[in-house]
Amino acid sequence: MSHETTAPHAVTDQYPEAVERLTALTAALAVDLDRGGWTPGPLERTLTARLLLACAGDGHLTPVRVRDTLSDGSVALTYVNEGRLARLLALLLEVTDRPVPDAAVAEADAARLLARVARDGSQDADGR
């Protein structure tokens, strides 16, 4: 059996795990943001604002947009606030790179968290 035959199955099997990790990380970061355990710095706020602006036309967090944001953050993003935003973006990239319907909720939750980060970590009007 060739590598080409087995590789798609490995990717498919790992995908739900990536969605679960994104969901868990998004929830944990939201709690940290609520409790003051994570105060996004200027780099994090700027990058998330730019990512959301890039998505404003169609509302989609595409792999290219997320990858560009990670690239713009460079190595510094992995060190700022223990790399929290970098980890979130890396998981978001993994999930958006292979979109399936099950990922829509996880992506929407991540987008709401990114919007909070872009607004200095304040809560939405509905408490999110």
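Residues numbered from 1 in each chain as written. Predicted model: local features only at pLDDT ≥ 70, side-chain atom pairs only at ≥ 80, totals over all residues. Heavy atoms only, no water.

For the overall build of the protein, give the residues involved together with the corresponding values.
Helices and strands together make up the secondary structure of the protein, namely 6 helices and 0 strands. The order of α-helices and β-strands along the protein, N terminus first, is α-α-α-α-α-α. Sorting the 128 residues of the protein into buried and exposed places 34% on the buried side. In the protein, 71% of the contacts between residues at least 6 apart in sequence involve partners at least 24 apart. Surface accessibility of the protein: about 7,300 Å² in total, with carbon and sulfur atoms responsible for 56%. (Helix = DSSP H or I, 4+ residues; strand = E, 2+ residues; numbered from the N terminus. Buried < 20%, exposed > 50% of the residue type's maximum accessible area, 1.4 Å probe, protein only. Contact = heavy atoms within 4.5 Å. Areas by Shrake-Rupley, 256 points an atom, 1.4 Å probe, with all protein chains shown as cover.)

Give me the lowdown on the nonpolar core, citing residues and values where you can.
Membership of the largest hydrophobic core comes to 28 residues, with the highest contact counts inside it found for L22, L61, L85, L88, L89, L92 and L114. For this core, the secondary structure elements donating two or more residues are α1 (3–35), α2 (42–55), α5 (84–97) and α6 (104–118). If you tally residues by element for this core, the top one is α5, at 8 residues. Beyond its immediate sequence surroundings of up to four residues, L85 is in contact with W38, E44, T48, L77 and L114. (Core = buried A, V, L, I, M, F, W, Y, C linked by side-chain atoms within 4.5 Å.)

Residue-level account of the packing of α2 against α6, with values.
One way to put it is that α2 packs onto α6 with a least axis distance of 8 Å and a crossing angle of 130 degrees. The angle between α2 and α6 places the two elements in the oblique class. You can see that α2 and α6 cross each other, and the crossing is left-handed. Counted together, E44, R45, T48, A49, L51 and L52 of α2 and A111, L114, A115, V117 and A118 of α6 form the full contact between these two elements. Classifying every residue of the contact of α2 with α6 by side-chain character gives 8 nonpolar, 1 polar and 2 charged. (Axes fitted to C-alpha atoms, helices over the stretch in contact; angles between N-to-C directions. Parallel < 35°, antiparallel > 145°, perpendicular 65-115°, else oblique. Left-handed = near helix turned anticlockwise from the far one by under 90°. Nonpolar A, V, L, I, M, F, W, Y, C, P; charged D, E, K, R; others polar.)

A description of helix α3 (residues 63–73) should follow, citing residues and the corresponding values.
Listing the buried residues of α3 in full gives P63, V66, T69 and G73. Seen end-on, α3 carries its buried residues on one side only, within an arc spanning 130 degrees. Where α3 is buried, its residues meet α2, α4 (76–79) and α5. Directly after α3, the chain includes S74, whose backbone phi takes a positive value near 55 degrees. (Arc of directions from axis to C-beta.)

So what's going on with the packing of α5 against α6? Which residues, and what values?
Where α5 meets α6, the axes come as close as 11 Å, and the angle between the chain directions of the two elements is 150 degrees. When the axis of α5 is compared with that of α6, the two are roughly antiparallel. The handedness of the crossing between α5 and α6 comes out as left-handed. Residue-level contacts link L85, L88, L89, L92, V95 and T96 of α5 to E107, A110, L113 and L114 of α6.

For the pattern of salt bridges, give the residues involved together with the corresponding values.
Across all of its chains, the model carries 9 salt bridges by this definition. For R98, the salt bridge is made with E94, and the minimal N-O distance between the two is 3.8 Å. A residue is classified by how much of its surface remains accessible, and E94, at 24% relative accessible area, is partly exposed. Within the structure, one salt-bridge network assembled from shared partners comprises E17, R21, E94 and R98. (Salt bridge = Lys/Arg side-chain N within 4 Å of Asp/Glu carboxyl O.)

So what's going on with α6? Residues and values would help.
With 15 residues, α6 ought to run about 21 Å at 1.5 Å a step, and its terminal C-alpha atoms sit 21 Å apart, in line with that. Where α6 is concerned, the buried positions are A106, E107, A110, L113, L114, R116 and V117. A positive phi of about 65 degrees marks D120, the residue just after α6. (Expected span 1.5 Å × (residues − 1).)

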